[in-house]
Amino acid sequence: MKKSPGIMSILSLAIISLIIVQVIKITITSKTTNAVNIPAASYSLIKPVRANLQLSNIKDNKSSLLIQKERMAKGGVIGTSGKGVVALRFDDYQNVFKKKIYPMLVARGLPCSMALISRFNTAQSWGKGTTWDDIREWNRNGVEIWSHGTDHKDYSKSGYSGLYNQIVTSKEEIEVQGIKVVGWALPGVKPSTRNLPYNGLTKPSHYNSTTGRLLMNTYALTEAYVYSPRRVLPMNIYHGLGHVTASDGRETVSSVIEEINIAIKNKSGIEIMCHAGNLGKPGKLTFKDFETILNYIKMQWDKGLIEVLTPSGIYFADPDSSSRLKLNADDSFEGLTTANSGAWNGVRNLTGKTIETRTGRTGKNFLRIKSGAIQSVVTQKIVNLDKLGVSGEQFVFEGWFRPYGSKDTTAVVQINDYDNPHKLKIVKKAVSEGRGWTRQRFVFCIPPGTKNITFSLYGDTESGIDWDDISIKKI
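Residues numbered from 1 in each chain as written. Predicted model: local features only at pLDDT ≥ 70, side-chain atom pairs only at ≥ 80, totals over all residues. Heavy atoms only, no water.

(A) Examining the pairing of strand β3 (residues 112-116) more closely. The element β3 is extensively covered by neighbouring structure, given that five of its five residues are classed as buried. Strand direction decides the pairing type here: strand β2 (residues 84-91) and β3, joined by three bridges, are parallel. Along β3, the bridge assignment pairs R89 with S113. Viewed along the sheet, the connection from β2 through helix α3 (residues 94-108) into β3 turns out right-handed. Of the pairings in the sheet, the one linking β3 to strand β4 (residues 143-147) comprises five bridges and is parallel in character. By the bridge assignment for β4, L116 is matched with S147. (Buried < 20%, exposed > 50% of the residue type's maximum accessible area, 1.4 Å probe, protein only. Helix = DSSP H or I, 4+ residues; strand = E, 2+ residues; numbered from the N terminus. Pairing = 2+ DSSP bridges. Right-handed = clockwise from strand over helix to strand, strands pointing away.)

(B) Spotlight on helix α9 (residues 287-302). Here α9 spans 22 Å end to end across 16 residues, near enough to the 22 Å set by a 1.5 Å rise per residue. Restricting attention to buried positions, one finds in α9 the residues F290, I293, L294, Y296, I297, Q300 and W301. Down the axis of α9, the buried side of the element spans an arc of 155°, and every buried residue falls inside it. (Expected span 1.5 Å × (residues − 1). Arc of directions from axis to C-beta.)

(C) The sheet that holds strand β19 (residues 453-459), seen in detail. Taken in spatial order, the four strands make up an open sheet running β14-β19-β16-β17, and their pairing is antiparallel. Of all the strands in the sheet, just β14 (378-382) and β17 (425-431) have a single pairing partner and so form its edges. The average undirected angle you get between the axes of adjacent strands in this sheet is 15°. (Axes fitted to C-alpha atoms, helices over the stretch in contact; angles between N-to-C directions.)

(D) Representation of the sheet that holds strand β12 (residues 353-356) within the structure. Taken together, the five strands give an open sheet; going across it, the order is β12-β13-β20-β15-β18, and neighbouring strands pair in antiparallel fashion. With partners counted over all chains shown, the strands left at the sheet margins are β12 and β18 (438-445), one partner each. Across the sheet, the axes of successive neighbouring strands diverge by a mean angle of 30°, strand direction being ignored. When strand β15 (residues 394-404) meets strand β20 (residues 464-474), the two strands line up antiparallel, connected through nine bridges. Within the sheet, the bridge partner assigned to F395 lies in β20 and is K474.

(E) Fine view of the packing of aromatic side chains. Evaluated as defined, the whole model comprises 20 aromatic pairs. For the ring pair F97 and W138, a centre distance of 4.8 Å and an interplane angle of 65° mean the geometry is edge-to-face. Linking F97 in helix α3 with W138 in helix α5 (residues 132-140), this pair joins segments that are 41 residues apart in sequence. Both residues of the pair, F97 and W138, count as buried. Residues Y160 and Y164 carry aromatic rings whose centres are separated by 6.3 Å and whose planes lie at 45° to one another, so their mutual orientation is tilted. Of this pair, Y160 and Y164 are both found in helix α6 (residues 159-175), four residues apart, which corresponds to roughly one turn of the helix. In this structure an aromatic cluster arises from ring pairing among F333, W344, F395, F397, F442, F444 and F455. One cation-aromatic arrangement involves K381 over Y418; the distance from NZ or CZ to the ring centre is 3.6 Å. Seen from the ring of W301, R441 lies directly overhead, with NZ or CZ sitting 3.6 Å from the centre. (Phe/Tyr/Trp six-rings, centres within 6.5 Å; stacked < 30°, edge-to-face > 60°. Lys NZ or Arg CZ within 6 Å of the ring centre and 35° of its normal.)

Below you can see the structure in the form of structure tokens.
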């Protein structure tokens, strides 16, 4: 029987459609292969795999807008100039973190994250004795906060309202305390039903669920167990990334240091997670062991072999870039004079201060404040931080100083909220090491809602001080 042209056209379209569908299936399969979860038993034996989760396929673009906003908060990109990245994460056990870990981090100027349940001081024993003032202090000094749910318990019997409570309400309860929540970290919850809480979150497909959509529409970043702990930089993924757990008996000091060395060699990233309350238990790392790891990280950072960023910062790190948000200007004092002090225009009294034009640390110029200088403070004002989108973000201050004279000197850096000094006042001191240049480095947060800050340099009035190469950079 002779077929009509109309029927032939329909059949042709059907065949073409079938071919297109098969091509799409093949393409999707190829992309999914790159995102395969590497078993924990073997991930340390192979090279990192670049994960690729196409968020553009999500119909609701709220997730993409959240990522864009977070990228803006990180300055677009955190260029590491050819270096790999280490990030530190701590889950739960706020009481032990407060007593043992936090002082170690501050002493070494290391940033980290805290995966925090919003009801930490009532829902679990390991949060009791910690206050919101403690959390705010940690946050102001380099500890970014991730939501870990409300109570670290299975919500399943409460259905969607319980899920919403853990994901959305937890964020609201933390942020009402004046703290930015940068992401959500999957808690290891013991199931109370046959189903895994949070849909498991061990495969990319697990994010294509009610849980996944709620997470991605609430947070720009989430961490789980979808991908290998090793991260190829720059990242093309913002949800489901894993970590190495140093505290729970699966790792040794040597194996953690090996992961750091691999990040250095491959210019890749690694996040090291610790349950502080497990350190010192039988079969686990001791606090001394963990201190050894921290010392190794700081040593590699000091040598310029690796960058230490926050866990949220590593998502935007790029070894192929040198671009990085720096808040201050005139960091090396080159081209400046006391008559033309550039961005250091907050100097009230130039008596006893000079901008020298020889033997700076990296160039010719450096700032000198002589002993006994009256009002020996030099200041920069940094404005419009709210418009820049960095309120609530962590930064690292780094500067170099040396004594001017025969005595050791104490360098002092002060950072204030220009409009509300009581809201932010950070004072950091460091003592010179010999007659050469000494590095001063510390991490701090610009609290949410902050518009303008000032940062000031000064020193011990009994001995002079030289300053050079000052920077405030995004981490």
